Amino acid sequence: CVDNSMAQLEHQRTRILNLELMLEYGGESWKVYNEVLVDMLNKVQTQLSEVKKDIQEVNWTRKNQQTQVGEKMKQLEGEWVGLVSKNYEIEQALLNMEAEYETLKKHHEKSTASVETKT
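All values derive from a computational prediction rather than experimental measurement.

Enquirer: Explanation requested: the overall build of the chain in the structure shown.
Expert: Across its full length, the chain holds one helix and zero strands. Taking 14 Å as the expected radius of gyration for a compact globule of 119 residues, we find that the chain reaches 49 Å, considerably beyond that expectation. Burial statistics for the chain: of 119 residues in total, 1% are counted as buried. Just so you have it, the chain exposes about 11600 Å², and 61% of that area is on carbon and sulfur atoms. Each charge class in the chain was averaged separately, 15 positive and 20 negative side chains, and the resulting centres sit 7 Å apart.

Okay, here's the thing in structure tokens:
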């Protein structure tokens, strides 16, 4: 029982010593720790603002590129429409020429046949 009391007494002395040390040095260590945390926070906030700035620049560059490509696509689409229209016109002219050729060929054949029958 005496040993137990001695152990408890020693434990209480250690606790008192720890409390005295904490009162003497604990506040200062928390201040230092808080300063470290504030420094870390400031560095992270600076990095965050730099990343946001980089993201904004990337988005701005992408937007400009897409705008330029959009204008080029409109130009190319206009050229494509013009070429398709021209091809259609050429096809129609070719069909008209083929029809005219067939008409002339039939007319020529009739003329030739009528000349041969007269002779």
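Enquirer: In this structure, what is going on with a nonpolar patch on the surface? I would like to understand it.
Expert: Together, Trp 30, Val 32, Tyr 33, Val 36, Leu 37 and Met 40 make up a nonpolar patch on the protein surface, roughly 590 Å² of accessible area in all. Turning to its location among the elements, Leu 37 is positioned in helix H1 (residues 2-118).

Enquirer: Could you clarify how one ought to interpret the environment of Leu 17 in this entry?
Expert: Examined against the element boundaries, Leu 17 turns out to sit in helix H1. On the basis of relative accessible area, Leu 17 is assigned to the partly exposed category, the value being 46%. C-alpha of Leu 17 to C-alpha of Met 6: the two residues are eleven residues apart in sequence and 16 Å apart in space.

Enquirer: Would you mind going over the packing of aromatic side chains with me for this structure?
Expert: One pair of aromatic rings is described through two measures. These are the centre distance and the angle between the planes. In this structure the tally under the stated criterion is one aromatic pair. Geometrically, the ring pair formed by Trp 30 and Tyr 33 is edge-to-face, given 5.7 Å between the ring centres and 80 degrees between the ring planes. Placement of the pair is Trp 30 and Tyr 33 together in helix H1, with a separation of three residues, close to one helical turn. Using a relative accessible area of 44% as the deciding quantity, one classes Tyr 33 as partly exposed.

The rules behind each value
- Residues numbered from 1 in each chain as written.
- Predicted model: local features only at pLDDT ≥ 70, side-chain atom pairs only at ≥ 80, totals over all residues.
- Heavy atoms only, no water.
- Helix = DSSP H or I, 4+ residues; strand = E, 2+ residues; numbered from the N terminus.
- Rg over C-alpha atoms; globule rule 2.2 N^0.38 Å.
- Buried < 20%, exposed > 50% of the residue type's maximum accessible area, 1.4 Å probe, protein only.
- Areas by Shrake-Rupley, 256 points an atom, 1.4 Å probe, with all protein chains shown as cover.
- Lys, Arg positive; Asp, Glu negative; His and termini not counted.
- Charge placed at Lys NZ, Arg CZ, Asp CG, Glu CD.
- Patch = residues over 30% accessible without salt bridge, like charges linked within 9 Å, V, L, I, M, F, W, Y side chains within 5 Å.
- Salt bridge = Lys/Arg side-chain N within 4 Å of Asp/Glu carboxyl O.
- Phe/Tyr/Trp six-rings, centres within 6.5 Å; stacked < 30°, edge-to-face > 60°.

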